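Structural characterization, general
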Amino acid sequence: MMSPVSTSPLSAPLAAAGRRAAWIAPRAPRLAGDAVVHFADSDDFLLGEAPYDYGLYVIAASQLGVAGPDLVRLVRRRSAAPIAALVASADAPTFLECLAQGADLVLPPDLPDTQLEAALAALLRRCAMAPEGRPAPLGWTLENLSQSLRGPLGELIALSEAEWRLMCCFATTGDGRATRQQLCESLWGDDAGERDNALHATLYRLRKHIEQATHQAAPIRSVARVGYEFRAPLLRT
């Protein structure tokens, strides 16, 4: 009789979120299958396609190229996805540094594969899934009275006039996606024309403002041949 095929406990929560995991460590888990993309080191990961679009990051503290804690910091600046660091039990300074740089969980790298994946699956479910099994929305709110943006953890960000206009443009498109022309017109009126450099600079300042206030990546992304999108639920009150 044939043995049943083992399924990674990471597969279901990642599939539900429509994402895969980035596993940045010399040793890849044997049970992860297609749910995980393995990178041998930090250089391999950073040179890969869309490195900040994964739903889970597993980062070994010992890396060729960018050190593990520094890689945790880079990922956390650009992604709100769960991060687990793999740190030897005796290395207390690195354990603390990884947590300080934004890791959600630190595990010893010599755990058996089944235990390691089970712990990561539990982290993923709690960070990324709502109780009813759907991806948990990280909600943002535009508050008209104070002309502010409220973050998903309640952070209140006072916006400049230009930042407010951009955020209102994202909020009125329905899907959070706006063309360059729509964004330019929101800033400079119907006769704005093409001002790509000025638009890019204004969006860059908005991103930095949000990231400094919330300590997480701003969910503003460019959309090829279209414009930009606010990739998170956004309400206006």
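The following paragraphs examine the structure supplied in this document. Small disclaimer: the values here were computed from a predicted structure and weren't measured. (Residues numbered from 1 in each chain as written. Predicted model: local features only at pLDDT ≥ 70, side-chain atom pairs only at ≥ 80, totals over all residues. Heavy atoms only, no water.)

1. Side note on the overall build of the chain
Worth spelling out the cut-off: Secondary structure elements follow DSSP: runs of H or I no shorter than four residues count as helices, runs of E no shorter than two count as strands, and numbering proceeds from the N terminus. Burial classes: relative accessible area under 20% of the type maximum marks a residue as buried, over 50% as exposed, and values in between as partly exposed (1.4 Å probe, protein chains only). Whether two residues touch is decided by their heavy atoms; if any such pair falls within 4.5 Å, the residues are in contact.
Tallying secondary structure elements over the chain gives eight helices and twelve strands in all. Evaluated residue by residue, the chain yields a buried proportion of 44% over its 237 residues. Within the chain, contacts between residues at least 6 apart in sequence are counted, and of these 51% link residues at least 24 apart.

2. A word on the sheet that holds strand 3 (residues 56-60)
To be explicit about the condition: Should DSSP find at least two bridges between two strands, the strands are regarded as paired. Note on geometry: axes are lines fitted to C-alpha atoms, helical ones only across the stretch in contact, with angles between N-to-C directions running from 0 to 180 degrees.
Strand order in the open sheet formed by five strands is 2-1-3-4-5, and the pairing between neighbours is parallel. The outermost strands of the open sheet, each flanked by one partner alone, are strand 2 (36-39) and strand 5 (105-107). Averaged over all pairs of adjacent strands, the angle between their axes in this sheet comes to 20°, without regard to strand direction. With four bridges joining them, strand 3 and strand 4 (residues 83-86) adopt parallel strand pairing. Its bridge partner lying in strand 4, Ile-59 is registered against Ala-85. Sheet strands in contact with helix 3 (residues 68-78) are strand 1 (21-24), strand 3 and strand 4, and its direction is about 160° off that of strand 3.

3. Observations regarding the environment of Arg-78
Put simply, the test is: Think of a polar contact as two N or O atoms within 3.5 Å of one another; within protein, one of them needs to be a possible hydrogen donor and the other a possible acceptor, and neighboring residues in sequence only count if both atoms come from side chains.
Note that Arg-78 resides in helix 3. Excluding anything up to four places from it in sequence, Arg-78 contacts Tyr-52, Ala-217 and Arg-221. For Arg-78, the side chain forms a polar contact with the main-chain oxygen of Leu-74, separated by 3.4 Å.

4. So, the sheet that holds strand 8 (residues 156-158)
Two pairing modes exist for strands in a sheet, parallel and antiparallel, and in both the strands are linked by backbone hydrogen bonds. One open sheet holds the four strands; their spatial order is 8-7-6-12, and the pairing between them is mixed. Whereas interior strands pair on both sides, the edge strands pair on one side only; in this sheet they are strand 8 and strand 12 (234-236). Neighbour-to-neighbour, the strand axes of this sheet turn through a mean angle of 25°, independent of strand direction. With three bridges connecting them, strand 7 (residues 148-150) and strand 8 associate as antiparallel partners. The residue bridging Leu-149 from the neighbouring strand is Ile-157, located in strand 8. Where helix 6 (residues 161-172) meets the sheet, it contacts strand 6 (140-143), strand 7, strand 8 and strand 12, and its direction lies at approximately 105° from that of strand 12. Here helix 8 (residues 196-214) sits on the sheet in contact with strand 6, strand 7 and strand 8, set at roughly 145° to strand 8.

5. Examining the pattern of salt bridges
The line we're drawing: Any carboxyl oxygen of Asp or Glu that lies within 4 Å of a side-chain nitrogen of Lys or Arg is treated as forming a salt bridge with it.
Going through the model one piece at a time under the given rule, you end up with seven salt bridges. Measuring nitrogen to oxygen at the nearest pair gives 4.0 Å for the salt bridge that ties Arg-73 to Asp-70. Taken together, the residues span about one helical turn, with Arg-73 and Asp-70 both in helix 3 at a distance of three residues. One salt bridge in this structure joins Glu-161 and Arg-165, with 3.2 Å as the shortest N-O distance. Placement of the pair is Glu-161 and Arg-165 together in helix 6, with a separation of four residues, close to one helical turn. Given the relative accessible area of 42%, Glu-161 is considered partly exposed. Its relative accessible area of 37% is what places Arg-165 among the partly exposed residues.

6. Digging into the layout of surface pockets
Going by this rule: We place a 1 Å grid over just the protein atoms. Points where a 1.4 Å probe fits but has no way out form a cavity, open points with protein on both sides within 12 Å along at least 5 of 7 lines form a pocket, and any residue with an atom within 4 Å of a point lines it. Grid points are joined across faces, edges and corners, and a volume is the space filled by probe spheres set on the points. Side-chain classes are defined by residue name, with Ala, Val, Leu, Ile, Met, Phe, Trp, Tyr, Cys and Pro counting as nonpolar, Asp, Glu, Lys and Arg as charged, and the others, Gly among them, as polar.
As a volume, the second largest pocket reaches approximately 440 Å³. Taken together, 17 residues line the second largest pocket, and the ones lying closest to its centre are Arg-78, Arg-207, Glu-211, Ile-220 and Arg-221. Looking at the lining of the second largest pocket, the elements with two or more residues in it are helix 3, helix 8 and strand 10 (220-223). The biggest single contributor to the lining of the second largest pocket is helix 8, with five residues. Residue composition of the lining of the second largest pocket, grouped by class: eight nonpolar, two polar and seven charged.

7. As for the nonpolar core
How we decide: Note on terminology: a nonpolar core comprises buried Ala, Val, Leu, Ile, Met, Phe, Trp, Tyr and Cys residues joined through side-chain atoms within 4.5 Å.
Counting 25 residues, the largest nonpolar core has Leu-149, Met-167, Phe-170 and Leu-183 as the members making the most contacts within it. Sorting the residues of this core by element identifies strand 6, helix 6, helix 7 (180-188), helix 8 and strand 11 (227-230) as the ones contributing at least two each. Per-element tally for this core: the top contributor is helix 6, with six residues. Ignoring any residue separated from it by four or fewer positions in sequence, one finds Leu-149 in contact with Trp-140, Thr-141, Leu-142, Glu-155, Leu-156, Ile-157, Leu-159, Met-167, Ile-210 and Leu-234. Counting 19 residues, the second-largest nonpolar core is a separate cluster that includes Ile-24, Val-37, Ile-83 and Val-87.

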